[in-house]
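# Observations on chain architecture
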Amino acid sequence: GSAPVIVMGYGGFNAPEIPHYTAMAAAWTELGGIWVHTQLRGGGDRDKAFWEAGRMHRKQGSFDDLYAVIEDLHARGVAVPERTGVWGTSNGGLLVGAAVSQRPDLIGAAVAQVPVLDMMQVRKDPATLGICMADYGNPDDPADAPIIHAYSPYHNVKSGTAYPALLCDAGADDAVCPPWHSRKMVAAVDAASSSGRRVRLRVREGAGHNQMTS
């Protein structure tokens, strides 16, 4: 439990998270950290049922799998909450946002890269809405809206909560997960948190959805 831990995850869109080499993981472990690669419901790691168990009205399944992994790390003495961080990008950024708003007790730090975090206002951006409707649902559909609102990270920030340190990292030219999501979440968590941990925003100029555009 003395080493800092990064838990990464995605868990969406039937995309498999097969274990693979990453420079970030290599650098982190070389420095003495622990890197945890998760495979979560909603991803394409197993079969169709595994995907369906973490999408649409069952999206909470992805988040619950992440929490189960982190709780197991803590129970086995591999990690402690204050030295546990979570990292995810795009749909994984939503995963991180959910962890921050739902289970801040499990983690000490979080990085949400190019995330969507206000799930009720994705309707503002046609590209975002089209993608979200494929795996989350439609916030304008009365059947979907309460489910989406229940896990929408921005809508579940509560004043006086001891939130982890948070970095939202967005691309200024990202049409899929535009930076206003990160701006809203950072402002909300910064105003609500009682922990004193740093809450920061980075908007990368000339960058789109995890890539440079100019």
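Definitions and cut-offs
- Residues numbered from 1 in each chain as written.
- Predicted model: local features only at pLDDT ≥ 70, side-chain atom pairs only at ≥ 80, totals over all residues.
- Heavy atoms only, no water.
- Helix = DSSP H or I, 4+ residues; strand = E, 2+ residues; numbered from the N terminus.
- Rg over C-alpha atoms; globule rule 2.2 N^0.38 Å.
- Buried < 20%, exposed > 50% of the residue type's maximum accessible area, 1.4 Å probe, protein only.
- Axes fitted to C-alpha atoms, helices over the stretch in contact; angles between N-to-C directions.
- Parallel < 35°, antiparallel > 145°, perpendicular 65-115°, else oblique.
- Left-handed = near helix turned anticlockwise from the far one by under 90°.
- Contact = heavy atoms within 4.5 Å.
- Salt bridge = Lys/Arg side-chain N within 4 Å of Asp/Glu carboxyl O.
- Lys, Arg positive; Asp, Glu negative; His and termini not counted.
- Polar contact = N/O pair within 3.5 Å; in protein donor to acceptor, adjacent residues only side chain to side chain.
- Phe/Tyr/Trp six-rings, centres within 6.5 Å; stacked < 30°, edge-to-face > 60°.
- Lys NZ or Arg CZ within 6 Å of the ring centre and 35° of its normal.
- Pairing = 2+ DSSP bridges.
- Right-handed = clockwise from strand over helix to strand, strands pointing away.

## Some thoughts on the overall build of the protein
In terms of helices and strands, the protein carries seven helices and six strands. Counting helices and strands in the order they occur from the N terminus, the protein gives β-α-β-α-α-β-α-β-α-α-β-α-β. Against the 2.2 N^0.38 benchmark of 17 Å for 214 residues, the protein shows a C-alpha radius of gyration of 16 Å, consistent with a compact globule. Expressed as lengths along the three principal axes of its C-alpha atoms, the size of the protein is roughly 45 × 40 × 40 Å. Within the span of the protein, comprising 214 residues, buried residues form 51% of the whole.

## Thoughts on the packing of helix 3 (residues 60–75) against helix 4 (residues 91–102)
At a minimum axis distance of 10 Å, the contact between helix 3 and helix 4 shows a crossing angle of 70°. Regarding the angle of helix 3 to helix 4, the classification is roughly perpendicular. Along this stretch, helix 3 crosses helix 4, giving a crossing that reads as right-handed. Between helix 3, through Gln-60, Ser-62, Phe-63, Leu-66 and Tyr-67, and helix 4, the contact on the second element is made entirely by Leu-94, Leu-95, Ala-98, Ala-99 and Gln-102.

## So, the pattern of salt bridges
A complete count under the given rule lists 10 salt bridges for this structure. A salt bridge links Arg-103 to Asp-105, with the shortest nitrogen-to-oxygen separation between them at 2.8 Å. Owing to a relative accessible area of 47%, Asp-105 belongs among the partly exposed residues under this scheme. A network of salt bridges, in which partner residues are shared, links Glu-52, Arg-55 and Asp-135.

## Section: the side chain of Asp-144
Examined against the element boundaries, Asp-144 turns out to sit in the loop between helix 5 (126–135) and helix 6 (145–151). Of the buried charged residues, Asp-144 lacks a salt bridge, with Arg-55 as the closest side chain of opposite charge at 9.5 Å. Reaching out from Asp-144, the side chain makes a polar contact with the backbone nitrogen of Asn-138 at a distance of 2.9 Å. Among residues more than four places away in sequence, those in contact with Asp-144 are His-57, Gly-137 and Asn-138.

## A closer look at the packing of aromatic side chains
Under the counting rule described, the total for this entry stands at three aromatic pairs. Residues Trp-35 and Trp-87 carry aromatic rings whose centres are separated by 6.2 Å and whose planes lie at 45° to one another, so their mutual orientation is tilted. Here the residue Trp-35 occupies a position in strand 2 (residues 34–37), and Trp-87 occupies one in strand 3 (residues 84–89), the gap between them amounting to 52 residues. Looking at Trp-87, the relative accessible area reads 18%, which means it is buried. A cation over a ring is seen here: Arg-103 above Tyr-67, with NZ or CZ 6.0 Å from the ring centre.

## What to know about the pairing of strand 5 (residues 165–171)
Buried residues dominate strand 5, accounting for five of its seven residues. Bridging between strand 4 (residues 109–113) and strand 5 involves five bridges; their strand directions are parallel. Among the inter-strand pairings, Gln-113 is bridged to a residue of strand 5, identified as Asp-169. With six bridges connecting them, strand 5 and strand 6 (residues 199–204) associate as parallel partners. Each residue of the ladder has a partner; that of Ala-170, found in strand 6, is Val-203. A crossover links strand 5 with its parallel partner strand 6, the connecting element being helix 7 (residues 180–192), and its sense is right-handed.

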